[in-house]
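Remarks on the overall topology
One letter stands for each residue in the lines below.
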Amino acid sequence: MELRAGQVAVVTGAASGIGRAMARRFAAEGLKVVLADVEEAPLRAAADELAADGVELLARTVDVGVRAEVEALAGAAYETFGAVHVLCNNAGVGSGAEGRMWEHDPADWRWAFEVNVWGVFHGVQCFLPRMVASGEPGHVVNTSSTDGGIAPLPTASVYAVTKAAVVTLTESLYAHLAAEGAPIGASVLFPGPHMLRTGLWESHRNRPARHAKSRPRRTPYRSLAEWEAAMGEAGKEVAFTPVEAVAEQVVDGIRAGRFWMLPPSAHTDAQIRARARSQLDRAAPAYLEHFILDDE
């Protein structure tokens, strides 16, 4: 797909982190942007920043886990701009689960699936029919993670399961678009190759009451800064990928029609090969990392 000034990009989870960086990057290409996020104040700040640069935009507070809100977002986008060319289903949350899987609070699974999986599906169903009907070139980018999308971290199994689902959803979407003969591409995004400084670690700040935990956590939530400090005390240096680099990867991937937006990484490539070898050999998943579960 050729990105051109005047086209319209929709980004969920756009108030911070990867989503905000993608919105800025699309705006730099001259695209109009639709920003959606569940957090009103940061969303307003992101919108004000872009508006100050003369960007044409629409900002809406949206919980992507609620279909009616995504439908309203799509209606507002088309009413305002008349078209959508790029759809980035990027909103995501951690689960807040802890302990062994059989000890998890089911509410953690329901919340993570509602945002990370249903949020993507709602985006597809609410935007794609009109994108396909327009006959115009377009592209859909669904944000996954190497945790789950490549191989799960057992210490974050709920999140990993949702991100694995996003990969399969996007593979299926690609096939459906191809069968339709639609000039719309699909990609699955794996942010990285290193850690990212995003609000994912503090996802609990946006947890809705309908998915409240049925019992208190045994341990307090740990912030990214606290985790980074603990890694430093253990003598392990943590590398970070700037969110701007991820946004650049998205723009390059759309232009190239790249399905797997997967940055080069020797570690990730080794995981892919090890997992494939395990399957071919019908062997146990020895490629899994971090078997000690203490916190999700």
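All values reported here derive from a predicted model rather than from experimental measurement.

Comments concerning unusual backbone geometry
The omega torsion of the bond from G192 to P193 falls at 20°, within 30 degrees of zero and hence cis. Looking at the element boundaries, P193 is found in the loop between β6 (184-189) and α7 (224-233). Its identity as a non-glycine residue notwithstanding, R282 has a phi of 55°, on the positive side. By the secondary structure assignment, R282 is in the segment after α9 (266-280).

Topic: the sheet that holds strand β3 (residues 57-61)
The strand order across the open sheet built from 7 strands is β3-β2-β1-β4-β5-β6-β7, with neighbouring strands paired in parallel fashion. Pairing within the sheet leaves two strands with one partner each, and these edge strands are β3 and β7 (260-261). Direction of pairing for strand β1 (residues 8-12) relative to strand β2 (residues 32-37): parallel, over a ladder of 5 bridges. Within β2, the residue paired with V11 across the bridge is L35. Sheet contacts for helix α2 (residues 40-52): β2 and β3; angle to β3, the most-contacted strand, approximately 175°. Sheet contacts for helix α4 (residues 106-134): β1, β4 (86-89), β5 (138-143) and β6; angle to β4, the most-contacted strand, approximately 170°.

A word on the pairing of β1
Residues in a regular strand point their side chains to alternate faces of the sheet. In terms of burial, β1 is a largely internal element, 5 of the 5 residues being buried. Every second residue of β1 is oriented toward a common face, with V8, V10 and T12 on one face and A9 and V11 on the other, all of them buried. Of the strand pairs in this sheet, β1 and β4 are connected by 3 bridges, and their pairing is parallel. Residue pairing for β4: V10 is matched across the bridge by L87.

Remarks on helix α6 (residues 157-180)
With 24 residues, α6 ought to run about 34 Å at 1.5 Å a step, and its terminal C-alpha atoms sit 35 Å apart, in line with that. Looking only at α6, the buried set comprises S157, V158, Y159, A160, T162, K163, V166, V167, L169, T170, L173 and L177. On its buried side, α6 packs onto α4, β5, α5 (146-149), β6 and β7. Looking one or two places after α6, you find G181, whose phi comes out positive at around 70°.

Section: the environment of A41
Mapping A41 onto the fold places it in helix α2. Judged by its relative accessible area of 48%, A41 is partly exposed. Considered as a pair, A41 and T61 are 20 residues apart in the sequence and their alpha carbons are 9.4 Å apart.

Description of the pairing of β3
Across 5 bridges, β2 lies against β3 in parallel orientation. Within β3, the residue paired with V34 across the bridge is L58. Viewed along the sheet, the connection from β2 through α2 into β3 turns out right-handed.

Description of the packing of α4 against α6
Here α4 crosses α6 at 15°, and the two axes come no closer than 9 Å. Taken as axis vectors, α4 and α6 run roughly parallel relative to one another. Judged by the twist between their axes, the crossing of α4 over α6 is right-handed. Packed against α4, whose contacting residues are D108, W109, A112, F113, N116, V117, V120, F121, V124, L128 and V132, the element α6 presents V158, Y159, V161, T162, K163, A165, V166, L169, L173, L177 and E180 at the interface. Partitioned by chemical class, the residues of the contact of α4 with α6 number 17 nonpolar, 2 polar and 3 charged.

Observations concerning the nonpolar core
Counting residues in hydrophobic clusters, the biggest one holds 34 residues, and the most contacted among them are V34, V84, F127, L128 and M131. Secondary-structure elements contributing two or more residues to this core are β1, β2, α3 (67-81), α4, α6 and β6. With 8 residues, the top contributor of residues to this core is α4. If sequence neighbours within four positions are ignored, M131 has contacts with Y78, V84, H85, V86, L87, E136, H139, V140 and I184. In this structure, A9, V86, C88 and A247 belong to the second largest nonpolar core, which totals 30 residues.

Reading the values: the criteria
- Residues numbered from 1 in each chain as written.
- Predicted model: local features only at pLDDT ≥ 70, side-chain atom pairs only at ≥ 80, totals over all residues.
- Heavy atoms only, no water.
- Helix = DSSP H or I, 4+ residues; strand = E, 2+ residues; numbered from the N terminus.
- Pairing = 2+ DSSP bridges.
- Contact = heavy atoms within 4.5 Å.
- Axes fitted to C-alpha atoms, helices over the stretch in contact; angles between N-to-C directions.
- Buried < 20%, exposed > 50% of the residue type's maximum accessible area, 1.4 Å probe, protein only.
- Expected span 1.5 Å × (residues − 1).
- Right-handed = clockwise from strand over helix to strand, strands pointing away.
- Parallel < 35°, antiparallel > 145°, perpendicular 65-115°, else oblique.
- Left-handed = near helix turned anticlockwise from the far one by under 90°.
- Nonpolar A, V, L, I, M, F, W, Y, C, P; charged D, E, K, R; others polar.
- Core = buried A, V, L, I, M, F, W, Y, C linked by side-chain atoms within 4.5 Å.

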